[in-house]
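Okay, here's what each chain looks like letter by letter:
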Amino acid sequence: MAASRRGTLALLCAAAVATLTLSTQGYAQDKQITLGFAQVGAESAWRTANTESVKSAAADAHVKLKFSDAQQKQENQIKAIRSYIAQKVDVIAFSPVVESGWEPVLREAKAAKIPVILTDRSIDVKDPSLYVTMIGSDFLEEGRRGGKWLEDHYKDQSGPINIAELQGTVGSAPANDRHSGLMEVIKDDPKFKIIASQSGDFTLAGGKQVMEAFIKTYGNKINVVYAHNDDMALGAIQAMEEAGMHPGKDITVVSFDATKGGFQAMAAGKMNVDVECSPLLGPQLMEAAKAVAAGKTLPKRIVTTETVFPADVAAATLPSRKY
Ligand code: GZL
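For clarity, every value in this text was computed on a predicted model and none was experimentally measured. (Residues numbered from 1 in each chain as written. Predicted model: local features only at pLDDT ≥ 70, side-chain atom pairs only at ≥ 80, totals over all residues. Heavy atoms only, no water.)

Engineer: Give a detailed account of the site of the ligand, specifying residues and quantitative values.
Structural biologist: The immediate surroundings of the ligand are formed by 13 residues, with Glu-43, Asp-120, Arg-121, Arg-178 and Asp-257 found nearest. In the model, an oxygen atom of the ligand is placed 2.5 Å from a nitrogen or oxygen of the Glu-43 side chain. At 3.1 Å, a side-chain N or O of Arg-47 approaches an oxygen atom of the ligand. Counting only elements with at least two residues in the shell around the ligand, the list comes to helix H2 (45–60) and helix H6 (173–186). Classifying every residue of the shell around the ligand by side-chain character gives five nonpolar, two polar and six charged. Viewed by domain, the shell around the ligand spans two of them, domain 1 (3–137 + 279–305) and domain 2 (139–277), each represented by three or more residues. (Near = heavy atom within 4 Å. Polar contact = N/O pair within 3.5 Å; in protein donor to acceptor, adjacent residues only side chain to side chain. Helix = DSSP H or I, 4+ residues; strand = E, 2+ residues; numbered from the N terminus. Nonpolar A, V, L, I, M, F, W, Y, C, P; charged D, E, K, R; others polar. Domains from an automatic or database assignment.)

Structural data, given as structure tokens:
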């Protein structure tokens, strides 16, 4: 056979093998996927635990992780998502810092045929096809749980019960829903009154600063501090103690997240209840990312299971807490 024909035959065989490998590789279950993750920031102990969960789960799942920290700025998250699109990652995931303003960049991801998974916080979009699934807590139910704990705690008192609310990041799903859940429970009970409500942006410093202002204005009129997360509650506890108050005793403290810091405050008698919100979403995220990359369909909503921890179980439960 002429050399030229031998050469052509060899090329054809090589092409056939390559195609076969590619097509086999394309469907190989253990093909390593690349996940672009745009994190909110590092504002709280909850967020630190969430980041750790995502990073360790990616390593365990053999997922190549590209990670960015947006320092709680939506424009930085949008920039990160755009860079993942440009890098042609297999899947994009993010925890949206606020609920609105995501359509343009998610339409770009859809046009690039890159599936998007929401974790932790949800978004407000008209077109649900802009993301595959949302993995995270039901913040409205968390707010209801905080409200129901208050109803039960004050069931034998006629009131007034004045509530000072430390809200999370303005426009974020947890802040909106933890407020709405509380309102659902107390709106028809006249003894409860929210006398002050301001955002501490989910940070310890923010919670302390806002609580100092509340104390200046309302002082001992405040009966309850309703803090949307432990970091703000711990900041508020510092402010109350510096003002000579006794948080957990003369002021009831309700908080969210159930971090170790919250458990320590409850064990010390400075916080009365902590509504759990689990940051340990990494393993579920990796499973979802691999499933989506393999073309599988997922439920639109994957809700994490969680509970409520009253102070009287804190000391015994603390040693087993993972975050
Ligand atoms: C809730 C999460 C919130 C936490 C805060 O899932 O988005 O953001 O409650 C964190 O601690 O900063």
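That shown, we press on.
Engineer: An account of the sheet that holds strand S11 (residues 301–303) is needed here, citing residue identities and associated values.
Structural biologist: Hydrogen bonds along the backbone pair up the strands of a sheet, which may run parallel or antiparallel. Strand order in the open sheet formed by six strands is S2-S1-S3-S4-S5-S11, and the pairing between neighbours is parallel. Since the sheet does not close on itself, it has two edges, and those belong to strand S2 (64–69) and S11, each with one partner. Neighbour-to-neighbour, the strand axes of the sheet open up by a mean angle of 20°, direction not taken into account. Direction of pairing for strand S5 (residues 133–136) relative to S11: parallel, over a ladder of three bridges. Of the residues in S11, the one forming a bridge with Ile-135 is Ile-302. (Pairing = 2+ DSSP bridges. Axes fitted to C-alpha atoms, helices over the stretch in contact; angles between N-to-C directions.)

Engineer: Requested: an account of helix H9 (residues 260–267), with residues and values cited.
Structural biologist: Inspection of H9 places Gly-262, Phe-263, Ala-265 and Met-266 among the buried residues, and these make up the whole buried set. With its buried residues spanning 160° around the axis, H9 presents them on a single face. Next to the buried residues of H9 lie helix H8 (230–242), strand S10 (273–276), strand S12 (308–310) and helix H11 (314–317). Phi turns positive, to about 80°, at Gly-269, one or two residues after H9. (Buried < 20%, exposed > 50% of the residue type's maximum accessible area, 1.4 Å probe, protein only. Arc of directions from axis to C-beta. Contact = heavy atoms within 4.5 Å.)

Engineer: Before we move on, can you summarise the sheet that holds strand S8 (residues 224–227) with the specific residues and values?
Structural biologist: Read across the open sheet, the six strands follow the order S7-S6-S8-S9-S10-S12; overall the sheet is mixed. Of all strands in the sheet, those bounded by a partner on one side alone are strand S7 (192–199) and S12. Adjacent strand axes in the sheet meet at a mean angle of 15° when their direction is disregarded. Relative to S12, S10 runs antiparallel, the two sharing three bridges. Each residue of the ladder has a partner; that of Val-273, found in S12, is Pro-310. Across the sheet, helix H5 (residues 139–153) lies against strand S6 (161–167), S7, S8, strand S9 (252–257), S10 and S12, angled at about 160° from S9, the strand it touches most. In the packing of H9 onto the sheet, the strands contacted are S10 and S12, and the crossing angle to S10 comes to about 155°.

Engineer: Which residues make up helix H3 (residues 74–86), and what are the values?
Structural biologist: An α-helical turn contains 3.6 residues, so a residue and the one three or four places further along point in the same direction. Given a rise of 1.5 Å per residue, 13 residues ought to cover 18 Å, and the 19 Å separating the end C-alpha atoms of H3 matches this to within 8%. Along H3, the residues classified as buried are Gln-77, Ile-78, Ala-80, Ile-81, Tyr-84 and Ile-85. The buried residues of H3 occupy one face: seen down the axis, they fall within an arc of 160°. Relative to its buried face, H3 has exposed residues pointing more than 90 degrees away, namely Lys-79 and Ala-86. In this fold, the buried residues of H3 make contact with strand S1 (34–39), S2, strand S3 (91–94) and helix H4 (103–111). Positioned one or two residues after H3, Lys-88 has a phi angle of 55°, which is positive. (Expected span 1.5 Å × (residues − 1).)

Engineer: An account of the environment of Pro-247 is needed here, citing residue identities and associated values.
Structural biologist: Here Pro-247 is to be found in the loop between H8 and S9. Once the C-alpha coordinates of Pro-247 and Asn-272 are considered, the two residues, 25 residues apart in sequence, prove to be 8.8 Å apart. Those residues in contact with Pro-247, other than ones at most four positions away along the chain, are Ile-237, Met-240, Glu-241, Val-253, Gly-269 and Lys-270.

Engineer: An account of the packing of H2 against helix H10 (residues 282–293) is requested, with residue identities and associated values reported.
Structural biologist: Contact geometry of H2 with H10 gives a least axis separation of 7 Å together with a crossing angle of 50°. The pairing of H2 with H10 is recorded here as oblique in orientation. Between H2 and H10 the crossing geometry is right-handed. Note on element contacts: H10 touches H2 through Gly-282, Pro-283, Leu-285 and Met-286, opposite Ser-53, Val-54, Ala-57 and Ala-58. In terms of residue class, the contact of H2 with H10 is built from six nonpolar, two polar and no charged. (Parallel < 35°, antiparallel > 145°, perpendicular 65-115°, else oblique. Left-handed = near helix turned anticlockwise from the far one by under 90°.)

Engineer: Kindly report on the packing of aromatic side chains, identifying the contributing residues and their values.
Structural biologist: Following the criterion strictly, the structure yields five aromatic pairs and no others. Taken together, a centroid distance of 6.1 Å and an interplanar angle of 80° make the contact between Tyr-154 and Phe-192 edge-to-face. Taken as a pair, Tyr-154 in the loop between H5 and S6 and Phe-192 in strand S7 lie far apart in primary sequence, 38 residues in all. When sorted by exposure, Tyr-154 lands in the same class as Phe-192, which is buried. The cationic tip of Lys-55 hangs over the ring face of Phe-67; the distance from NZ or CZ to the ring centre is 4.4 Å. For the cation-ring pair, Lys-300 lies above Tyr-131, with the distance from its terminal atom to the ring centre recorded as 4.4 Å. (Phe/Tyr/Trp six-rings, centres within 6.5 Å; stacked < 30°, edge-to-face > 60°. Lys NZ or Arg CZ within 6 Å of the ring centre and 35° of its normal.)

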